[in-house]
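Secondary and tertiary structure notes
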2 protein chains.
Amino acid sequence: MAAKSSDDLKLLGGWFSPFATRVKIALNIKGLEYENIEEDLNSKSDLLLRSNPVHKKIPVLIHGEKPICESSIIVEYIDEVWSNAPSILPQDAYDRAIARFWVSYIDDKLLACLKNILAGGEDEEEKKPHFEQLEEEVLVRLEEAFNKCSYGKPFFGGNNVGFIDISFGCFLPFMRVIEELNGKKVLVDDKFPALANWAANFAADSVVIETLPEIDKLVLFAKALQQKWAAAKAAAQ
Amino acid sequence: MAAKSSDDLKLLGGWFSPFATRVKIALNIKGLEYENIEEDLNSKSDLLLRSNPVHKKIPVLIHGEKPICESSIIVEYIDEVWSNAPSILPQDAYDRAIARFWVSYIDDKLLACLKNILAGGEDEEEKKPHFEQLEEEVLVRLEEAFNKCSYGKPFFGGNNVGFIDISFGCFLPFMRVIEELNGKKVLVDDKFPALANWAANFAADSVVIETLPEIDKLVLFAKALQQKWAAAKAAAQ
């Protein structure tokens, strides 16, 4: 086995995972090379189970011999260790608290809406309150947050992709999938002009462009997930 | 109205709130004076609603004119702004990632167990899986984490109360309440020797001792909460 340098970076991820995407973007911002290891969630590797024994989940970043778990924690770790490269979190402590607030909001509220809509499958009644929450509350809040945080610049983080951008942007492909599966646009330009513009900037940015999964492939992945959840639900009844 | 200095600190909290307790301990570690404002959750102040318009929850720390929300984010903010005073988070980026990991675990798993046990009221069957998760999984993990993080010292943070100590320790009074209400000890010395010893050190520490609510008063608070939840559950059926 080759000796490992302390800057040796391995990402245990999955092409479909918004959380692994976060780590990829953070590594790109810092210009770091890493080995990307695709995990099969139906047959997790010993390395994953050993590296994240508590949650047994991707992503895990292994830095040298040290595993770091949970996407937002990994992003903060990358930002702190490679602090000379472009910053991901704001420099000012108050701005950092605000960024952490919105990242927590995204992981809580936005994620729940997207999951519940996906889990709703074809059941329009079941999906309705979650679409309402997404369109009338969560995206409205995030549109307001963008206008406050960005100071007229293209990203939440100002001129460059930052912590909120990474955390929110990794869900854009799943939002596109939900739009495809439900035959309607969610991130409507007229209703969310700042976010629609931001989303286009984000997806085209050089640190992001190659990290996002293809929508067609993700639609198939999402359909398989829906079938799996529906079968589990039927079995539980 | 008197002019506000930029170091003017107000805490919108509640004596019963483990999350407000976190902020109080962090402020004590830094030796900061603050105005403690007790919120009535049945009639929230305009200041709270204005300061945390998204979640409308305590605690909020107002620093000068700036509100900071969410207890863990507030603790990190305090640590970063008053960085010359004793540290709350570890200095090393990897140790900081590990501390954040356990804080996230505590906020997710430990909190859910305690809430579910409390919500179970007198229903032993309903409470059973949550007691099992607490006693066979969550506290076992935290005992292991203590042994790894503390390096034989009295706290997760080493010689002093740190980020994990604050986050976990704020739930100790609620664990005591659960022990009282269920007539059994949870944090059993023989099973969790490191945590039992840590809990005694924590509660007696000078930065903590006056922040923790009285158990008798918290038992009454918890019983009122149980009645409120039971009534809401009955109304929903």
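Above this text you will find the structure in question.
Please read all numbers here as calculations on a predicted model, not as lab measurements.

Further remarks concern the packing of aromatic side chains. Evaluation of the coordinates by the stated rule reveals 24 aromatic pairs over all chains. Aromatic pair B:W15 and B:F16: ring centres 5.7 Å apart, planes at 90 degrees, arrangement edge-to-face. Look at B:W15 and you get partly exposed, because its relative accessible area is 24%. With a relative accessible area of 13%, B:F16 lands in the buried category. Clustering of aromatic rings is evident, with ring pairs tying together A:F146, A:F156, A:F168, A:W198 and A:F202. Across the ring face of A:W15, the terminal group of A:K217 is positioned such that the distance to the ring centre comes to 4.3 Å.

Glancing now at the sheet that holds strand β3 (residues 60-63) of chain B. Residues and elements named next belong to chain B. Across the sheet, which stays open at both edges, the four strands sit in the order β2-β1-β3-β4 with mixed pairing between neighbours. With one partner strand each, in any of the chains shown, β2 (35-38) and β4 (66-69) form the two edges of the open sheet. When strand polarity is set aside, the average angle formed by the axes of neighbouring strands in this sheet is 20 degrees.

To continue, consider the pattern of salt bridges. Summed over all chains, the structure comprises 24 salt bridges over all chains. For B:E135, the salt bridge goes to B:K184, with nearest N and O atoms at 3.3 Å. Of this pair, B:E135 sits in helix α5 (residues 124-149) while B:K184 sits in the loop between α7 (172-182) and α8 (193-204), and the two are 49 residues apart along the sequence. Residue B:E135 is classed as buried on the basis of its relative accessible area, which comes to 13%. Within this structure, A:E76, A:E80, A:R96, A:R100, B:E76, B:E80, B:R96 and B:R100 form a network of salt bridges that share partners.

What counts as what
- Residues numbered from 1 in each chain as written.
- Chains lettered and ligands numbered in written order.
- Predicted model: local features only at pLDDT ≥ 70, side-chain atom pairs only at ≥ 80, totals over all residues.
- Heavy atoms only, no water.
- Phe/Tyr/Trp six-rings, centres within 6.5 Å; stacked < 30°, edge-to-face > 60°.
- Buried < 20%, exposed > 50% of the residue type's maximum accessible area, 1.4 Å probe, protein only.
- Lys NZ or Arg CZ within 6 Å of the ring centre and 35° of its normal.
- Pairing = 2+ DSSP bridges.
- Helix = DSSP H or I, 4+ residues; strand = E, 2+ residues; numbered from the N terminus.
- Axes fitted to C-alpha atoms, helices over the stretch in contact; angles between N-to-C directions.
- Salt bridge = Lys/Arg side-chain N within 4 Å of Asp/Glu carboxyl O.

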